[in-house]
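Chain residues, written in single-letter form:
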Amino acid sequence: MNFKLVMLWTDVMIFLLLTVAIVGGWWIMQRPHLLLPWQRLFRSRVGMVSLLVLSVFVATGLLDSLHYRVALPDKGNGQAVYAAEVLSVFDTLVGDLRSQTEKTYSAPLAVFLYAKESIETPEGNTLRDYPRLKYGGAHLLDPEHDHAGDVAKRSLVGIFVGGFCGALLVILIVSVAAVRSGTPAGVWIKARKNSPVTAMLVTLALMAMLIGLIANLSGAYHVLGTDKVGQDVLYLSLKSIRTGLVIGTVTTLVMLPFALFLGIAAGYFRGWVDDVIQYIYTVLSSIPGVLLIAAAVLMMQVTIEKHAGWFSSSIERADLRLLFLCLILGVTSWTGLCRLLRGEALKLRELEYIQASQAFGVSSLRILSRHILPNVMHIVLISVVMDFSALVLAEAVLSYVGVGVDPSTNSFGTLINNARLEMGRDPIVWWTLASAFSFMLVLVLAANLFADAVRDAFDPRLNRTGIA
Amino acid sequence: MKLLMFIPLFLLGACDGGLWNNPYPANDKNVGDKGQSVFYTVFTERPKHLDPAQAYSENEYIFLAQIYQPPLQYHYLKRPYTLIPQAASEMPNVVYLDKNNRPLPASAPAEQVAYSLYEIHLRKDLKYQPHPAFALNAQGKPEYIGLSKEVLSKYYLLGDFSHTGSRDVTAADYVYQIKRLVHPAIHTPISGLMSEYIVGLKDYAVTLQKAQQVMQGQYLDLNKYALDGVEVVDAHTYRIKVYGKYPQFAYWLAMPFFSPMPAEADQFYAQDGMQQHNLTLDWWPVGSGPYYLSENNPNQRMALSHNPNYSGEVYPNEGEAGDREAGLLADAGKPLPLIDKVVFSLEKETIPYWNKFLQGYYDAAGISSDSFDQAVSVGVGGEANVTDEMRKQGISLSTSVATSTLYMGFNFLDATVGGDSEKARKLRRAISIVVDYEEFISIFANGRGVSAQSPLPPGIFGYREGESGLNHYVYDWVNGGPKRKSITEAKLLLSEAGYPNGLDEKTGQPLVIYLDTTATGVGSKSRLDWLRKQLDKINIQLVPRATDYNRFQDKIRRGDTQMFYFGWNADYPDPENFLFLLYGPQGKVDKGGENASNYSNPEFDRLFEQMKNVPNSPARQLIIDRMLEILRRDSPWLWGYHPKDYVLHHSWLHNSKPNKMANNNLKYLRIDDPQRDALRKQWNQPLLWPLWLLGISILASGWWLWRILRKREEAR
Amino acid sequence: MITYLIRRILYAIPILIGVNLLTFALFFVINTPDDMARMQLGMKRVTPDAIEKWKQQRGYDKPLLFNSQAAGTKKLTDTIFFQKSASMFIFDFGYSDDGRSISREISTRMFPSLVIALPTFVVGLLLYITFALLMALFRGTMLDIAGVTVCVILMSISSLFYIIGGQFLVSKLWHWVPISGYAGGMDSLRFILLPVLIGIVSGIGASSRWYRTIFLEEVGRDYVRTARAKGLSELRVLFRHVLKNAMIPILTGVVAVIPLLFMGSLLTESFFGIPGLGSYTIDAIQAQDFGVVRAMVFLGSVLYIVGLILTDISYTVVDPRVRLQ
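Since we're looking at a predicted model, the values are computed, not measured.

Thresholds applied
- Residues numbered from 1 in each chain as written.
- Chains lettered and ligands numbered in written order.
- Predicted model: local features only at pLDDT ≥ 70, side-chain atom pairs only at ≥ 80, totals over all residues.
- Heavy atoms only, no water.
- Helix = DSSP H or I, 4+ residues; strand = E, 2+ residues; numbered from the N terminus.
- Buried < 20%, exposed > 50% of the residue type's maximum accessible area, 1.4 Å probe, protein only.
- Contact = heavy atoms within 4.5 Å.
- Areas by Shrake-Rupley, 256 points an atom, 1.4 Å probe, with all protein chains shown as cover.
- Lys, Arg positive; Asp, Glu negative; His and termini not counted.
- Charge placed at Lys NZ, Arg CZ, Asp CG, Glu CD.
- Patch = residues over 30% accessible without salt bridge, like charges linked within 9 Å, V, L, I, M, F, W, Y side chains within 5 Å.
- Salt bridge = Lys/Arg side-chain N within 4 Å of Asp/Glu carboxyl O.
- Buried area = accessible area lost by both parts, 1.4 Å probe.
- Polar contact = N/O pair within 3.5 Å; in protein donor to acceptor, adjacent residues only side chain to side chain.
- Domains from an automatic or database assignment.
- pLDDT = per-residue confidence, 0-100.
- Nonpolar A, V, L, I, M, F, W, Y, C, P; charged D, E, K, R; others polar.
- Pairing = 2+ DSSP bridges.
- Phe/Tyr/Trp six-rings, centres within 6.5 Å; stacked < 30°, edge-to-face > 60°.
- Lys NZ or Arg CZ within 6 Å of the ring centre and 35° of its normal.
- Expected span 1.5 Å × (residues − 1).
- Axes fitted to C-alpha atoms, helices over the stretch in contact; angles between N-to-C directions.
- Parallel < 35°, antiparallel > 145°, perpendicular 65-115°, else oblique.
- Left-handed = near helix turned anticlockwise from the far one by under 90°.
- Core = buried A, V, L, I, M, F, W, Y, C linked by side-chain atoms within 4.5 Å.

A.B. asks: Quick question: what am I supposed to make of the overall build of chain C here?
C.D. replies: When its secondary structure is counted, chain C shows 14 helices and zero strands. Beginning at the N terminus, the succession of helices and strands in chain C can be written as α-α-α-α-α-α-α-α-α-α-α-α-α-α. Oriented by its inertia axes, the alpha-carbon framework of chain C measures out at about 85 × 60 × 35 Å. Counting only residues that meet the buried cut, chain C has 55% of its 325 residues in that class. Within chain C, counting contacts between residues at least 6 apart in sequence, those at least 24 apart form 68% of the total. For chain C, the computed accessible surface area is about 13800 Å², with 69% contributed by carbon and sulfur atoms. Each charge class in chain C can be summarised by its mean position, and for the 30 positive and 21 negative side chains these summaries are 6 Å apart.

A.B. asks: Help me understand a nonpolar patch on the surface, please; the structure alone is not making it clear to me.
C.D. replies: Residues and elements named next belong to chain C. Side chains of M1, I2, I6, L10, I13, I17, L21 and F89 sit close together on the surface and give an oily, nonpolar patch of about 730 Å² of accessible area. For L10, the location among the structural elements is in helix α1 (residues 2-30). Residue L10 is classed as exposed on the basis of its relative accessible area of 53%.

A.B. asks: When you look at the interface of chain C and chain B in this model, what are you seeing that I'm missing?
C.D. replies: Interfaces are often described in size by the accessible area the parts lose on coming together. Listed per partner, the contact involves 61 residues of chain C and 68 residues of chain B. Together, the buried faces of chain C and chain B total about 5900 Å²; carbon and sulfur atoms form 50% of this surface. Inspection of the chain C/chain B interface yields two salt bridges. Salt-bridge contacts for K348(B) lead to D283(C); the nearest nitrogen and oxygen are separated by 2.6 Å. Linking chain C with chain B are 16 residue pairs in polar contact (both at pLDDT 80 or more), by the criterion used here. Here the element with the most residues in the side of chain C that touches chain B is helix α2 (residues 33-41) of chain C; it accounts for six residues.

A.B. asks: How do you make sense of the side chain of K588(B) when you look at a structure like this?
C.D. replies: Residues and elements named next belong to chain B. For K588, the position within the fold is in helix α18 (residues 588-591). At 4.4 Å, E594 is the nearest oppositely charged side chain to K588, a buried residue that forms no salt bridge. Separated by 3.3 Å, the side chain of K588 and the backbone oxygen of G593 make a polar contact. Ignoring any residue separated from it by four or fewer positions in sequence, one finds K588 in contact with I556, R557, G593, E594, N595, A596 and N598.

A.B. asks: Could you clarify how one ought to interpret the domain arrangement of chain B in this entry?
C.D. replies: Looking at chain B, the domain boundaries give domain 1 (2-20 + 691-715) and domain 2 (404-645). Relative placement of domain 1 of chain B and domain 2 of chain B: their C-alpha centres are 63 Å apart.

A.B. asks: What am I meant to see in the confidence of the model for chain C here?
C.D. replies: Low-confidence regions, as indicated by low pLDDT, have predicted coordinates that should not be scrutinised in detail. When pLDDT is averaged across chain C, the result is 83; 96% of the residues are at 70 or more. Scored as a whole, the predicted complex attains pTM 0.87, and scored at its interfaces, ipTM 0.85.

A.B. asks: Which parts of the structure should I look at to understand helix α13 (residues 437-444) of chain B?
C.D. replies: Side chains that are three or four residues apart share a direction in an α-helix, a result of its 3.6 residues per turn. All names here are of chain B. For α13, the tally of buried residues reaches six of eight residues, placing the bulk of the element in the interior. For α13, the set of buried residues is Y437, E439, F440, I441, I443 and F444. Residues of α13 that are buried make contact with β16 (404-410), β17 (449-451), β19 (481-484), α15 (524-536), β22 (563-569) and β23 (637-649). One side-chain oxygen at the N-terminal end of α13 lies 3.2 Å from the backbone nitrogen of E438; it belongs to D436. One or two positions beyond α13, positive phi appears at N446, with a value near 40°.

A.B. asks: What should I look at first to understand the interface of chain A and chain B in this one?
C.D. replies: Facing 45 residues of chain A, the contacting portion of chain B comprises 45 residues. Between chain A and chain B we count zero salt bridges in total. Summed over the shared surface of chain A and chain B, the result is three residue pairs in polar contact (both at pLDDT 80 or more). Looking at which element gives the most residues to the side of chain A that touches chain B, the answer is helix α15 (residues 412-422) of chain A, with five residues. For the side of chain A that touches chain B, the class distribution of residues is 16 nonpolar, 17 polar and twelve charged.

A.B. asks: Got a minute to help me understand the sheet that holds strand β6 (residues 115-121) of chain B in this structure?
C.D. replies: Pairing between sheet strands relies on hydrogen bonds along the backbone, with the strands arranged either parallel or antiparallel. Residues and elements named next belong to chain B. Taken in spatial order, the five strands line up as β5-β4-β6-β8-β7 in an open sheet, and their pairing is antiparallel. Looking at the sheet topology across the chains shown, the edges are occupied by β5 (103-104) and β7 (230-234). In the sheet, β7 pairs with strand β8 (residues 237-243) via four bridges, with the strands oriented antiparallel. Its bridge partner lying in β8, V230 is registered against I240.

A.B. asks: Can you walk me through the side chain of R620(B) in this structure?
C.D. replies: Inspection of the secondary structure puts R620(B) in helix α20 (residues 618-634). Setting aside residues up to four positions removed in sequence, R620(B) forms contacts with Q248(B), F461(B), D574(B), P575(B), E576(B), M611(B), K612(B), V614(B) and P615(B).

A.B. asks: I would appreciate a short explanation of the packing of aromatic side chains in the present structure.
C.D. replies: Any pair of aromatic rings gets described here by the distance separating the centres and the angle formed by the planes. Residues and elements named next belong to chain B. By the definition in use, this model includes 52 aromatic pairs over all chains. Taking the centre distance of 5.2 Å and the plane angle of 0° together, the rings of Y251 and Y572 count as stacked. Placement of Y251 in helix α8 (residues 249-252) and of Y572 in the loop between β22 and α17 (576-579) is noted, with a sequence separation of 321 residues between them. Taken as a pair, Y251 and Y572 share a single burial class, namely buried. Three or more aromatic residues joined by ring pairs make a cluster, and in this case those are Y407, F552, F564, F566, W637 and W639. Between the NZ or CZ atom of K245 and the centre of the ring of Y96, over which it lies, the distance is 5.3 Å.

A.B. asks: I would appreciate a short explanation of helix α3 (residues 45-63) of chain A in the present structure.
C.D. replies: Residues and elements named next belong to chain A. With 19 residues, α3 extends 27 Å between its outermost C-alpha atoms, agreeing within 8% with the 27 Å of an ideal straight helix rising 1.5 Å per residue. Where α3 is buried, its residues meet α2 (32-42), α4 (89-94), α8 (196-218), α9 (233-269) and α16 (431-458). The N-cap residue of α3 is S44: its side-chain oxygen and the backbone nitrogen of G47 are 2.9 Å apart.

A.B. asks: For this particular structure, what's the right way to read the environment of Y235(A)?
C.D. replies: Residues and elements named next belong to chain A. Along the chain, the position of Y235 falls in helix α9. With a relative accessible area of 7%, Y235 lands in the buried category. Ignoring anything within four residues of it in the chain, the contact list for Y235 reads F90, D91, V94, L97 and R98.

A.B. asks: Before we go on, may I ask you to explain the packing of α13(B) against α15(B) in this structure?
C.D. replies: Helices that pack against each other are described as a pair by the angle of their axes relative to one another and the distance between those axes. All names here are of chain B. At their nearest, the axes of α13 and α15 sit 12 Å apart, and the two run at 155° to each other. Judged by the inter-axis angle, α13 sits roughly antiparallel to α15. The two elements α13 and α15 cross, and the hand of that crossing is right-handed. For the pair α13 and α15, the contacting residues are E439, F440, I443 and F444 in the first and S526, R527, W530 and Q534 in the second. Split by residue class, the contact of α13 with α15 holds four nonpolar, two polar and two charged.

A.B. asks: Help me out: how do you make sense of the confidence of the model for chain B in this one?
C.D. replies: Counting all residues, the mean pLDDT for chain B is 86, and 92% of those residues have values of 70 or more. In the model, residues 1-16 of chain B has pLDDT below 50 throughout and makes 19 contacts with residues more than four positions away in sequence or in other chains.

A.B. asks: What is the right way to read the sheet that holds strand β2 (residues 67-70) of chain A from this model?
C.D. replies: Residue and element names in this part refer to chain A. Spatial strand order, β1-β2-β3: three strands in an open sheet with antiparallel pairing. Edge strands, defined here as strands with exactly one partner in the open sheet, are β1 (3-6) and β3 (87-88). Relative to β2, β1 is paired through four bridges, and the arrangement is antiparallel. Paired with K4 across the two strands is R69, which belongs to β2.

A.B. asks: What exactly am I supposed to notice about the nonpolar core here?
C.D. replies: Generally speaking, nonpolar side chains in soluble globular proteins are found buried as a group. In this structure, L325(A), I372(A), I416(A), I106(C), Y211(C) and F215(C) are the most contacted members of the largest nonpolar core, which totals 211 residues. Tallying contributions element by element places α9(A) first for this core, with 20 residues. Beyond its immediate sequence surroundings of up to four residues, I372(A) is in contact with I264(A), Y268(A), A345(A), L348(A), I354(A) and I367(A). Counting residues in each nonpolar core, the second largest holds 103 residues, with L50(B), Y176(B), Y269(B) and L304(B) among its members.

Printed below as a string of structure tokens:
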């Protein structure tokens, strides 16, 4: 199949971030003294389990960040023509989940629509009943009778297959590790009874079961039901993950250079540089965040409208808006980090070896990059992981206020926003809200636990207040 | 701990006769005690204007129409909508004049008519509400006019003025208001339109503009400047002279723009220091209608109270067929209004609105939002009804098709979808077929709507029922009902239009269509998703561009759109008010008019001009039929659907009938207060077990912690 | 002290000017007066004439920053920026787009905001400290771990869920309080109960956990060990010594927030229909009434700066060693 790769702005950002992370990891691996806190982190059971959970989310997000356009059948004039629709690898992987839309609401695992409708019977009468779903449980001949049994059977098969794959994976990992360390597998396991490795392996197996369960069920049912226009809620929730990750990570990525440079410069140079930088961040932080974001988002909307030609598809428009939201969230949140870094730099510059370097006439730039920067990196890391969850939560609130992501973007905020009105329905439509709730809770909880572990590992004494 | 838990309980219990969740302040109870009946309802958006010369939207008219009395009104029960006198004692007398002001017979052809003269006779018993602007001191001079800024500085509410007065409504007041329509400091939405029709109004605007510059922001006394086309005959008679033949003018006379306005009120509010305290005519109306605004807190609640000076109107004693059976004529002949006080609470969020209605705290709910969909179930025959659950509560439903239309327009100036070519027409028709409005209505409006066959909604003259009113470019008539044409047919049309299978036959590029919409709020995502799904059926890519209303309007004005979502609420129930939206000279881009799709067809325009001046008759129907055929062929809009207005009301509310044109219908409603009190009590008993559970678990865990602590201390 | 205060207040002026310039740039560059007029004039029958008239009447027909037509200092003062900004410094905010006085609106809406925010703040603070103390008391046991876990879970839930869930359970199912609304005076209790409760619950996680770490830090200090060695009971140590000393970082930390209580809570107020400053702000954002938004930005900045000054002062109050120069 021919296709054309589409790089959205946030895709670029995400992969840039990934590259930075990999290169950084490799760089740290070469330096044992830098590795120390990481080893502390790897010893934290909670931290590693949550990292594992997070990595499943990240994997989903990454798959969802590889966008492309499918080539259309050649017209014979030699010119390749591509579909207007932009898809992601994730969309292709889940396949039918995306395209199998019902007419309107259906409950999780349902076979019938959620509301009664007039149905025309073959005899030509109209009758009022719950119509069958087009896809959910369509294979059942006698849904009243077979439904429960089929769901149970599929769940068991799913759990079994998932568990089997998970077990295989665990065995593979253990045996490889055992062979490499030269001990028998049983001994290797026993030696690590209380170490995070075992916990991670157990989590891995459990997650494999869960994934197997969901995957097998979603082949025939809408596991989390469908929304108002019949889209699969599971699909929407999974798609929202990417938006959450982008907001949580790209935001910090775009704000980092400013915060780092300005914070360190203010602390190190002092004098008028300090005054100017302090002035800038006091002004920015004294404006109520929501208002600043609202103003900036409206401004960006105008810009997008005025340059409609920049975008060939709605997904690009939505993506630029997302990027801009990250940018502006970054601007409003960098002041905290900037202040912290300034304080740290003020402390560091008084240290003897830096004073000495100054005396020897080492250039300021060199001192900053060789001595100050490496010594504040742990603060940066901690604040990045701690900000993540706060940002994911903020997205939902901003979307409620109407200054969040583009309404066409799948995100937890838009999900909640739509689901909120469904609570007023009778009978109540609870599954969209419940899905958004659980996905968000798992993501943010994992992020919070991981952030705690990172903080403990890198700076047990650092007492931070403003974040989270 | 124990004590703490009981404090809120105690306080809650003390507030109100046992109902903890009563959303009204306890002192509201007194109103009911005096034997007054109160109607509880909502406003969902704070009104921007309460000045009848400026207000033009529904959320403003729900207040204004009760307070001000224009000369005419719509009959509450009769359908189709019928004008009857309100402040006028009889329907206005129209005389046609030629260009030398000589009377013409009523049958004179439209070309000969240079002017129409409307003579309006007012009822003699009209009096204004009590208001400080009319208050007189011992010397018989106005008490509160000519006050200094210092004196005024202590007045913040209208209630702060201790004295009030009143006076009779005169014809001069109606004339004064017409003059205000072009007051330089007031933005009247219809000033442009009225200047075209009312003789001399255009020049009068210029006169006032000049006078205003001389006055330098001082009070501008409109009585000093005469307006040619409007004349006071005597205290209770005035005449309006209108250019040409304009039968629709009578409808305007039923709108608050033509209410009486006492010059004293203008004078009163013009005093320096009033505006600074939000005391303006735009916020504190002075009317002669059945109610006056007694509470004005647009952030929270507004209240209308019975105007003690109002009298002389009784409940109608005839209506539409079926009204008597529905009990709508039970109060025939009783003096209006039937309710003493109307309390409007601000309810911006739909969920609280809906739940308070179910709890009995609002007497009626206009279903306006998605969240109420499930309230209504649609029967086998398509008729809507309330769910069983609600029927048990005694909630019933009245419906009527709104005099509005929600459509999607194509921009005729656009190179792809616009223009008069056969290809573009076929493309538009293909799109019209695939956007399944029946499904839209069932998903997003739960059946609360009728898919449109033309711009004219049912109930408007010119609308045809059944097969003769079918848009046969989109529907087939099958088994006695309309059936949307198949996707195959749409695909065929699309390939004839030059896009076989959604690909441009020349370039092979997929066809992408941009849709502009203002939908940025909650729930808009699912609508756009649904629309994308529709066009996907024939492989057209729809790219929605959601913007705020501002930007949207700007794009429409510049003609920078392909397709757009729009709607129109009728000003008055006449086909002219819908068809003018497609009239060439109303083109948005060229003329700044209301024709947003910039459609222009000379034949249609010619017929429009002809239709405009013809009274409702078979001849007019024929012209309209021809016009609609042209429109359907050209398909400048996806005709969309006509939403239905649903009003849900509790069993204690009587005489409720949706009436989209008349906004002044609160005076007809009646409330059975004892029944309401009883049912509210029954429905809102608090559920106590979670409270006990909570209390017990707090106590238990406290005790448990204490035990552990004691043990630890002892172990040390 | 006095000179310090004066200096801080003088220092605030350039910051406020900066805030003003920034918001002005953001709002006016994007939202031209034409846009504002269209927004205000509504849906139907809006003519270009009406827009011109609207602008002229509200003083939006002047140049933005520099008036080359005028003479002398008027070149700077006869502009939209000056006319709309200068008066803010004497807290005269002018009129909102619907013609109501913003200052008056703010003064009437401040009270409902406070009625919600103050109890949430005070009761919340007491409750969080209680929980944190309990966790510190049982530190290291399963109870502590459970408490911290619950805290982390609670802080991982979006505040939207607390509001939606709270309204659904407490008001809709249990009929305990009105689902939304507000009334003045004694009546207000019924209306504020749920919003305050939700406000408190949604803050439990983060705050209790933070206070717990402060307490634990304090518990680890030498004087506590000495006290315990003297045979004081654990409870007494905690209340007498730890609480007293830990209050210093806690109080100085929260002082900065107090002035901002005036601004109200955007979410709570709009969900519960409370006519406070938070819902005023949201409405203004949604209606794009920038006169109001800018007034609120200005007010927010002022309160923020007041908060900073209060924090500094509170340091000197609780810790005499700190002196302000």
